[in-house]
Amino acid sequence: MRALIVDDEARVRKAVQLLVDWDKHGIREVREANGGNEAIEIIKQFRPQLVIMDMMMGSGHGLELMAWVYEHASNTKFIVVSGHDDFDFVRSAVRHGGVDYILKPIDPEAINTAVRKAVDGWRLEEAERADQQLLNIRLNEFKPPYDEKLLSSLIDDPGSAEGALGKLRKEGLIPTGLEEACLLIARIDPGDSLLQQKFGHNGELLLFAFINICNEFLLAHRQGIAFKHLGGPQEIVLLVWSSDRNIAELIEQINQGLFVTLQRRLHFGAGSAGPLPHSLPKQYSEAGLALRRRNLLRPDEYMHRAEIQHQSNAALGRHSLGKLQEEWKLAVQSADDDRITLAASKWFDEQLRLGVITPELLTAWKNEVMAFRARTIQDVLGHQADSLLADSEYENEDTGDTDAPLPENYTFSKYAWIDWTVGVLAGLSRLFSRHLTRDKDTISEIVHYIEQNYQSNIALQDIAAQFYVSREYVSRKFKQTFGINFSDYLAKYRIDKAKLLMSNPHLKLQDVAELVGFRDVKYFSKVFKKQEGLSPREYKESRAIMQ
């Protein structure tokens, strides 16, 4: 719970801070205001359940503050601390929801008793509100639902939209004669696990609760209708036709109602108002785009219009994601944790400096990272990529294949996204290192095999089959390791062995050729001359002269 102390005397505020046993009453956050005007601004953001206040203050009278809170935050409990023993003040405090009226100087026992009574009262009412809301939801589950199919077809099926609109007018869901409306979209925060848990992870029940509260505001004053869009999971669509109230103000009131009941607010994307029903598909696209381009660094802005979304495009253009991939590659190859973290953080640091992070940008970031990951794995593993990635050891340990945060989450955590990106890049780095080690071991084994079997008829295909790799893999790795292809390496090894044998005067050229794996002495001579610049006979004669 949260509490606010309002008094224009600092010593009184300090006294209340010291005298109340906040932990005992379950109050974790306490703030102060030096007058009614400042208190109103704090209450708008802080949303305290308890206000301990003076009546007579220089900046904003206590009665004015109580009247404002009674209208805008009626669940708040008051404790009035005053130096005036005035019946009118007591009566006003009770009328506006005050729990107690305490005279100065403050008695510790009296104020703690008052706080306990206020806290118990608030908790009891909160439980009753929750029970009533759940009861309303369960009762409404048995009522015929709005014709969501007809309402959704206004968006998804332009061909039948006119007919659907006519039926909706007859049913009274859309006023007869209404020619224009504004469409808004809201999507429930997919990352709000506490809310999901509160509703027993029943997505339909949760969605119904939000729609029900939206319609309490819309239908009561004939301003519009809220419904579940059948084409979008966990998506609420609002059709608003009220002309006597600003839509932003209406959304603020709906969010206030959602907060009082569920302690949550929704982000709404709005399209440009247009004629019914033909403009609705376009409005739906605009509203979705507005939500995808909402600035996550401004979490308290809940209304997002399609026409005010140029910032994210500009930010994306000024700092292209693609330019970072060379840095990612170098960081992965370095296997340096600090360098990997720096590469993963760079884009986020730049976007925070620009002041713009949107779900659209985060989706692009995630796609870029995953595309880079796929290309890198293919580059490193080649034809083995599919088979090796099927191995859970590779998939989980070596590639950093973990779930990314959801771009659509209401809250943005730079560190969660950086940690995920670091995990992907570090996983690739481990894959690089492990694969290079395996490559070296494989090439060493192939070289050892050649040394043991060079006298036999060894072909590239034989080597590939012997070591369960492809011919292309062997060729590529010999080129990378020795600077020559496999056949040239084998030929050079055989010729080097032949040169040693040719020092034996008792061995004929045919014998030497066969001993090093050549069955055709003419072909042996050709390969020998290509490598040494001399024929075998010329080489043997030159050796004899030197000796």
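All figures in this text were calculated on a predicted structure; none of them were measured in a lab.

Quick look at the packing of aromatic side chains now. Counted according to the given criterion, the structure contains 16 aromatic pairs. With 4.8 Å between their ring centres and 70° between their planes, Phe 348 and Trp 365 make a pair best called edge-to-face. Residue Phe 348 is found in helix α14 (residues 337–354), and its partner Trp 365 is found in helix α15 (residues 359–381); the two are separated by 17 residues along the sequence. Side by side, Phe 348 and Trp 365 carry an identical accessibility label, which is buried. Here Phe 348 and Phe 412 contribute two aromatic rings whose centre-to-centre distance is 6.4 Å and whose plane-to-plane angle is 20°, an arrangement assigned as stacked. Pair noted here: Phe 348 is in helix α14 and Phe 412 is in the loop between α17 (392–398) and α18 (414–453), with a separation of 64 residues, a long-range link. Residue Phe 348 is classed as buried on the basis of its relative accessible area, which comes to 0%. Feature note: the residues Trp 328, Trp 347, Phe 348, Trp 365, Phe 372 and Phe 412 constitute an aromatic cluster, connected by ring pairs. Here the basic side chain of Arg 2 rests over the ring of Phe 46, its NZ or CZ set 5.9 Å away from the ring centre. The positively charged end of Arg 47 is found above the aromatic ring belonging to Phe 259, 5.6 Å away from the centroid.

When glycine is set aside, most residues are seen to have a negative phi, and most peptide bonds are trans. Cis geometry marks the peptide bond from Lys 104 to Pro 105; its omega dihedral reads -5°. As for its position among the elements, Pro 105 is in the loop between β5 (98–103) and α5 (108–141). That bond from Leu 276 to Pro 277 is cis: its omega, -10°, falls within 30 degrees of zero. The topology assignment puts Pro 277 in the loop between β10 (274–275) and α11 (280–292).

Let's shift gears to the confidence of the model for the chain. Here the chain averages 82 in pLDDT, while 84% of its residues score no lower than 70. Note on residues 390–401: pLDDT is under 50 here. Beyond four places in sequence and across chains, it has 30 contacts.

In this section: the environment of Leu 4. On the secondary structure map, Leu 4 appears in strand β1 (residues 2–6). Counting along the chain gives 43 residues from Leu 4 to Arg 47, while the straight-line C-alpha distance between them is 9.0 Å. When neighbours within four sequence positions are excluded, Leu 4 is seen to be in contact with Arg 31, Glu 32, Ala 33, Ala 39, Ile 42, Ile 43, Pro 48, Leu 50, Val 51 and Ile 52.

A separate point is the pattern of salt bridges. Side chains bearing opposite charge may pair, as long as their charged atoms lie close to each other. If you walk through the whole model with that rule in mind, you get 17 salt bridges. Residue Arg 28 is joined to Asp 23 by a salt bridge in which the shortest nitrogen-to-oxygen separation is 3.6 Å. Across the pair, Asp 23 and Arg 28 agree in class, each one exposed. In this structure, Glu 360 engages Arg 293 in a salt bridge whose closest nitrogen and oxygen atoms are separated by 2.8 Å.

Now for the pairing of strand β3 (residues 50–53). Burial along β3 is two-sided: Leu 50 and Ile 52 facing one way and Val 51 and Met 53 facing the other are all buried. The pairing of β1 with β3 spans four bridges and is classified as parallel. Looking at the pairing, Leu 4 lines up with Val 51 of β3.

Before going further, it helps to spend a moment on the pairing of strand β2 (residues 29–33). As defined by bridge partners, β1 adjoins β2 across five bridges and the pair is classed as parallel. What sits directly across from Leu 4, in β2, is Arg 31. The β-α-β motif built from β1, the intervening helix α1 (residues 10–19) and the parallel element β2 has right-handed crossover chirality.

Running from N to C, helix α9 (residues 203–218) and helix α10 (residues 247–262) cross one another at 130°; their axes reach a closest spacing of 9 Å. Taken together, α9 and α10 sit at an angle that is classed as oblique. In the packing of α9 onto α10, the handedness of the crossing is right-handed. Between α9, through Ala 209, Phe 210, Ile 213, Cys 214, Phe 217 and Leu 218, and α10, the contact on the second element is made entirely by Leu 250, Gln 253, Ile 254, Gly 257, Leu 258, Thr 261 and Leu 262.

Looking now at helix α21 (residues 486–501). Between its first and last C-alpha, α21 extends 23 Å over 16 residues, near the 22 Å set by a 1.5 Å rise per residue. For α21, the set of buried residues is Phe 486, Tyr 489, Leu 490, Ala 491, Tyr 493, Arg 494, Ile 495 and Ala 498.

Attention shifts here to the packing of α21 against helix α23 (residues 521–532). Two numbers describe how α21 lies on α23: the axes approach to 10 Å, and their chain directions differ by 95°. One way to sum up the angle between α21 and α23 is to call them roughly perpendicular. Counted together, Ala 491, Lys 492, Ile 495, Asp 496, Ala 498 and Lys 499 of α21 and Phe 524, Val 527, Phe 528, Gln 531 and Glu 532 of α23 form the full contact between these two elements. Here the residues of the contact of α21 with α23 are counted per class, giving six nonpolar, one polar and four charged.

Relative to the assigned elements, Asp 192 resides in the loop between β6 (180–187) and α8 (193–198). Residue class for Asp 192 comes out buried when judged on its relative accessible area of 13%. Looking at Asp 192, its side chain comes within polar contact range of the main-chain nitrogen of Leu 195, at 3.1 Å.

To continue, consider the environment of Glu 125. For Glu 125, the location among the structural elements is in helix α5. Along the sequence, Glu 125 and Asn 75 sit 50 residues apart, while their C-alpha atoms lie 8.2 Å from each other.

Turning our attention to α23. Here α23 spans 16 Å end to end across twelve residues, near enough to the 16 Å set by a 1.5 Å rise per residue. Buried residues of α23: Phe 524, Val 527 and Phe 528, and no others. The buried residues of α23 occupy one face: seen down the axis, they fall within an arc of 100°. Exposed positions of α23 whose direction lies more than 90 degrees from the buried face are Lys 522, Lys 526 and Lys 530. Where α23 begins, one side-chain oxygen reaches toward the backbone nitrogen of Lys 522, 2.9 Å away; that side chain belongs to Asp 520. Of the residues one or two after α23, Gly 533 is the one with positive phi, at around 80°.

Definitions and limits used
Residues numbered from 1 in each chain as written. Predicted model: local features only at pLDDT ≥ 70, side-chain atom pairs only at ≥ 80, totals over all residues. Heavy atoms only, no water. Phe/Tyr/Trp six-rings, centres within 6.5 Å; stacked < 30°, edge-to-face > 60°. Helix = DSSP H or I, 4+ residues; strand = E, 2+ residues; numbered from the N terminus. Buried < 20%, exposed > 50% of the residue type's maximum accessible area, 1.4 Å probe, protein only. Lys NZ or Arg CZ within 6 Å of the ring centre and 35° of its normal. pLDDT = per-residue confidence, 0-100. Contact = heavy atoms within 4.5 Å. Salt bridge = Lys/Arg side-chain N within 4 Å of Asp/Glu carboxyl O. Pairing = 2+ DSSP bridges. Right-handed = clockwise from strand over helix to strand, strands pointing away. Axes fitted to C-alpha atoms, helices over the stretch in contact; angles between N-to-C directions. Parallel < 35°, antiparallel > 145°, perpendicular 65-115°, else oblique. Left-handed = near helix turned anticlockwise from the far one by under 90°. Expected span 1.5 Å × (residues − 1). Nonpolar A, V, L, I, M, F, W, Y, C, P; charged D, E, K, R; others polar. Polar contact = N/O pair within 3.5 Å; in protein donor to acceptor, adjacent residues only side chain to side chain. Arc of directions from axis to C-beta.

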